[in-house]
Amino acid sequence: MKEALQEKFARDSICWGCGQANPEGLRLRSFPDGDEVVAEWMPGPNHHSFPGILNGGIIGALLDCQCNWCAAHYFMRVRGLDHPPVTVTAEYTVRLERPTPSDAPVQLRARIAEAGERKVVVEAELMSGGKRTATCSGTFVAIGADHPAHGTR
């Protein structure tokens, strides 16, 4: 099985959205694909907002983590690092375009829209059954050792 960014670089992360060490979390697995970071995730029976519909908060968490990993992977590539820096969310906006079915896998794609020295703007989308159901745009920042989140990956 192909190793996800989270498994390669943050095996001990407890993040509820993408932490592989959190058995109760979503355990999103993200993969580089050219200039994008992609993922596929299958909802479970406890991820509903209404019967057969994926909860909007779950969608937000998936997009937040996907964008964060896109930012971390970008900084790793452009800085020539062998390990991504820790990145955090400064702000993000999710737009729910249509109901997302909860009985089939969803696909996520994230890409860098704007890049700076320490922060990037990432745009992402969530697809289900070949239709875009949600989008996200946000600012993500590479942090230093003095930040409380540093050392969590």
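In what follows, the structure referred to is the one given above.
Owing to the predicted nature of the structure, the values given are computational and were not obtained by experimental measurement.

Novice: What am I meant to see in the pattern of salt bridges here?
Specialist: For side chains bearing opposite charge, pairing can occur when the charged atoms are close. Throughout the structure, instances matching the rule amount to seven salt bridges. The salt bridge partner of Arg109 is Asp33, with a shortest N-O separation of 3.1 Å. You can see Arg109 sitting in strand E6 (residues 106-115) and its partner Asp33 sitting in strand E1 (residues 30-33), a full 76 residues away along the chain. For Asp33, a relative accessible area of 38% corresponds to the partly exposed category. Three or more residues joined by partner-sharing salt bridges are found here, namely Asp33, Glu36, Arg109 and Arg111.

Novice: What is the right way to read unusual backbone geometry from this model?
Specialist: Excluding glycine, most residues fall at negative phi; most peptide bonds, likewise, are trans. One non-glycine residue, Arg27, adopts positive backbone phi at about 55°. Mapped onto the elements, Arg27 comes out in the loop between helix H1 (5-9) and E1.

Novice: It is not clear to me how the packing of aromatic side chains should be interpreted in this structure. Could you clarify?
Specialist: Each aromatic ring pair is characterised by the separation of its centres together with the angle its planes make. Throughout the structure, instances matching the rule amount to one aromatic pair. With a centroid separation of 5.6 Å and an interplanar angle of 65°, the aromatic rings of Tyr74 and Phe75 are classed as edge-to-face. Accessibility classification places Tyr74 together with Phe75 in one group, the buried group.

Novice: What exactly am I supposed to notice about the nonpolar core here?
Specialist: As a rule of thumb, nonpolar side chains are buried together in soluble globular proteins. Core analysis: the largest hydrophobic core is formed by 35 residues, its most contacted members being Leu28, Trp41, Leu62, Leu63, Leu108, Val122 and Leu126. Listed by contribution, the elements that provide at least two residues to this core are H1, strand E2 (36-41), helix H2 (56-79), E6, strand E7 (119-128) and strand E8 (131-142). In terms of residues, this core owes the most to one element, H2, which gives 14 residues.

Novice: I would appreciate a short explanation of the pairing of E7 in the present structure.
Specialist: Along a regular strand, successive side chains alternate from one face of the sheet to the other. Counting buried residues in E7 gives eight out of 10 residues, a clear majority hidden from the surface. Two strands pair when backbone bridges link them, and E6 and E7 are joined in this way by nine bridges, in the antiparallel orientation. Paired with Ala115 across the two strands is Val120, which belongs to E7. Counted between consecutive antiparallel strands, the loop separating E6 from E7 contains three residues. Looking at chain direction, E7 and E8 are connected through 10 bridges and run antiparallel. By the bridge assignment for E8, Val122 is matched with Gly138.

Definitions and cut-offs
- Residues numbered from 1 in each chain as written.
- Predicted model: local features only at pLDDT ≥ 70, side-chain atom pairs only at ≥ 80, totals over all residues.
- Heavy atoms only, no water.
- Salt bridge = Lys/Arg side-chain N within 4 Å of Asp/Glu carboxyl O.
- Helix = DSSP H or I, 4+ residues; strand = E, 2+ residues; numbered from the N terminus.
- Buried < 20%, exposed > 50% of the residue type's maximum accessible area, 1.4 Å probe, protein only.
- Phe/Tyr/Trp six-rings, centres within 6.5 Å; stacked < 30°, edge-to-face > 60°.
- Core = buried A, V, L, I, M, F, W, Y, C linked by side-chain atoms within 4.5 Å.
- Pairing = 2+ DSSP bridges.

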